[in-house]
There are 2 protein chains.
Amino acid sequence: MRTRGGDRRAAILRAAAELFAARGFRSVSIEDLGRAVGTTGPALYRHFPGKEALLAEVLLDISERLLRQGTEHVAAHPDPNDALDALLRGHIAFALAEPALITVHDRELLHVPEEPRRKIRRLQRAYLEQWVDVLAAVRPTTPTPVLRTAVHATFGLLNSTPHSAGELDRDHLAELLFTMARTALLAAGK
Amino acid sequence: MRTRGGDRRAAILRAAAELFAARGFRSVSIEDLGRAVGTTGPALYRHFPGKEALLAEVLLDISERLLRQGTEHVAAHPDPNDALDALLRGHIAFALAEPALITVHDRELLHVPEEPRRKIRRLQRAYLEQWVDVLAAVRPTTPTPVLRTAVHATFGLLNSTPHSAGELDRDHLAELLFTMARTALLAAGK
DNA sequence: CGGTCCTGTTAATGCTCATTAACATCGGAG
DNA sequence: CTCCGATGTTAATGAGCATTAACAGGACCG
């Protein structure tokens, strides 16, 4: 029994993110995951060493994508104000496109085993430092701890997206989040 | 074996919030909860009908406290600008004082059984509507769905507190959050 | 005193679930 | 055509854990 694109694996990752976001890591069984991609539970072990490793890979993937996207945006915009806007729009686009990933991302890190968790944290920290560096260029007099905290808080604001079930259409929501986040971030610098 | 204050029950609720916040509902066993308050696991059943009911009570308590506090603040400030500031400061104080409660509050609702969940949601919605009403008085021309979403996003910002491990001291953090949230909220109204 | 409620304790009970075993099937390489 | 590796399937296995049973002591009330 072969899949056309050859990516049962990718399908599992996608389904896992969705299910973990909706019901929480511990409440999703291996059998649930198998069923979601049209196989039985144990088939999963042909693709991943175990349930926790699967979660780790989901989180690793998210963190890497965010960091890579951030790096690209920063590189593409020499002016820090432009870079900041690009970071904001990029993060918002990601959050709107992949609410499940965003949800899992800050909810389930706790269930990842020690070693991959360290790596994920490193990536998350690197992503955050990108923001801090850009922000520091815009607000040179504000102490770094303040900037770091402000960026953290901004992530909280942006990642609230999945909880705001569609009262607004995508574009208005994106615009609203952009405005709020940008003003909040700049207000943080005194 | 009697407890002096007679509140084994309250101790369990406190410990549960702490443990659920740190490790997640499903990862905390009845035995863990018992041990945390100096008894064995099953003793818990003398105070709560079960683990889910215990979680429900924790969340109910939080939601009620936030709503009550909000009501008081709104009642105490006829001017909507003052009321908004009071709501902000109140929420921030709560989040800083009880990071565990805040964490559990928006992470574990999913594990609460149907019936209490409805009640908790109603309280959360009522709390949110308090903010929306006050904000609407300050920004009369902004459509309600925008205000609602903005308040949601602001909660995301404020509740990020537990994740910002102490880079800043309490007072600076509170002030920073206040400034960011206030500007974001007001910027939302065009 | 004697009984009853309250709160604990330890020892079942049963279920869910991750993981592994043992056994198919199929497609492609030779 | 045949063999092998990749991928599935179903049936153990075993652990963890919520919940319940059965039993005990102490406080308070009469």
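Further up the page is the structure itself.
Note that this is a predicted model, so its numbers are computed, not measured.

J.: Just to check I follow, could you spell out the packing of helix 7 (residues 144-158) of chain B against helix 8 (residues 170-188) of chain B for this structure?
T.: If you want to describe how two helices pack, look at the angle between their axes and the distance between the axes. Residues and elements named next belong to chain B. Relative to each other, helix 7 and helix 8 sit at 165 degrees, their axes nearing to 9 Å. As judged from the angle between their axes, helix 7 and helix 8 are roughly antiparallel. Between helix 7 and helix 8 the crossing geometry is right-handed. Residues Val-146, Ala-150, Val-151, Thr-154, Leu-157 and Leu-158 of helix 7 form the contact with helix 8, whose participating residues are Leu-177, Met-180, Ala-181, Leu-185 and Ala-188.

J.: Explanation requested: the protein's contact with DNA strand D in the structure shown.
T.: Around DNA strand D, a shell composed of 16 residues is seen, among which Arg8(A), Thr40(A), Arg46(A), His47(A) and Tyr45(B) lie nearest. The protein-proximal atoms of DNA strand D, defined as those within 4 Å of the protein, are 57% sugar or phosphate. One of the side-chain N or O atoms of Thr40(A) is found 2.5 Å from a phosphate oxygen in DNA strand D. Lys51(B) is positioned such that a nitrogen or oxygen atom in its side chain is 3.0 Å from a phosphate oxygen of DNA strand D. Counted by class, the surface near DNA strand D contains seven nonpolar, five polar and four charged residues.

J.: Where do I start with the protein's contact with DNA strand C in this structure?
T.: Around DNA strand C sit 17 residues in total, of which Tyr45(A), Arg8(B), Thr40(B), Arg46(B) and His47(B) are the nearest. Within 4 Å of the protein, the atoms of DNA strand C are drawn from sugar and phosphate moieties in a proportion of 57%. Measuring from a phosphate oxygen of DNA strand C, one finds a side-chain N or O atom of His47(B) at 2.6 Å. The residue inventory of the surface near DNA strand C, partitioned by class, reads eight nonpolar, five polar and four charged.

J.: Would you mind showing me how to read the interface of chain A and chain B here?
T.: It is common to give the size of an interface as the accessible area lost on bringing the parts into contact. Taken residue by residue, the interface counts 35 residues in chain A and 35 residues in chain B. Between chain A and chain B, the buried area comes to about 2700 Å², and carbon and sulfur atoms account for 66% of it. Its largest share of buried area at the contact with chain B, chain A owes to Thr149(A), Glu167(A) and Met180(A), together 19% of the area lost on that side. In this structure, the connection of chain A to chain B is made through two salt bridges. A salt bridge links Arg148(A) to Glu167(B); its shortest N-O distance comes to 2.6 Å. On the surface where chain A and chain B come into contact, there are eight residue pairs in polar contact (both at pLDDT 80 or more). Of the residues assigned to the side of chain A that touches chain B, the class counts are 17 nonpolar, twelve polar and six charged.

J.: How should I be thinking about empty space enclosed by the protein in this particular structure?
T.: Vacant regions in the atomic arrangement are exposed by a probe of water-molecule size rolled over the atoms. The final tally for this structure, using the stated rule, is two cavities of 30 Å³ or more. Space inside the largest cavity adds up to approximately 210 Å³. Lining the largest cavity are 20 residues; nearest its centre among them are Arg107(A), Glu108(A), His111(A), Glu108(B) and His111(B). Secondary structure elements with two or more residues in the lining of the largest cavity: helix 1 (8-23) of chain A together with helix 1 (8-23) of chain B. When its residues are assigned to classes, the lining of the largest cavity shows eight nonpolar, six polar and six charged. Its boundaries defined by the atoms lining it, the second largest cavity holds a volume of some 40 Å³.

Cut-offs and rules
- Residues numbered from 1 in each chain as written.
- Chains lettered and ligands numbered in written order.
- Predicted model: local features only at pLDDT ≥ 70, side-chain atom pairs only at ≥ 80, totals over all residues.
- Heavy atoms only, no water.
- Axes fitted to C-alpha atoms, helices over the stretch in contact; angles between N-to-C directions.
- Helix = DSSP H or I, 4+ residues; strand = E, 2+ residues; numbered from the N terminus.
- Parallel < 35°, antiparallel > 145°, perpendicular 65-115°, else oblique.
- Left-handed = near helix turned anticlockwise from the far one by under 90°.
- Contact = heavy atoms within 4.5 Å.
- Near = heavy atom within 4 Å.
- Polar contact = N/O pair within 3.5 Å; in protein donor to acceptor, adjacent residues only side chain to side chain.
- Nonpolar A, V, L, I, M, F, W, Y, C, P; charged D, E, K, R; others polar.
- Buried area = accessible area lost by both parts, 1.4 Å probe.
- Salt bridge = Lys/Arg side-chain N within 4 Å of Asp/Glu carboxyl O.
- 1 Å grid on protein atoms, 1.4 Å probe; cavity = no way out; pocket = protein on both sides within 12 Å on 5 of 7 lines; lining within 4 Å.
- Points joined across faces, edges and corners; volume = space filled by probe spheres on them.

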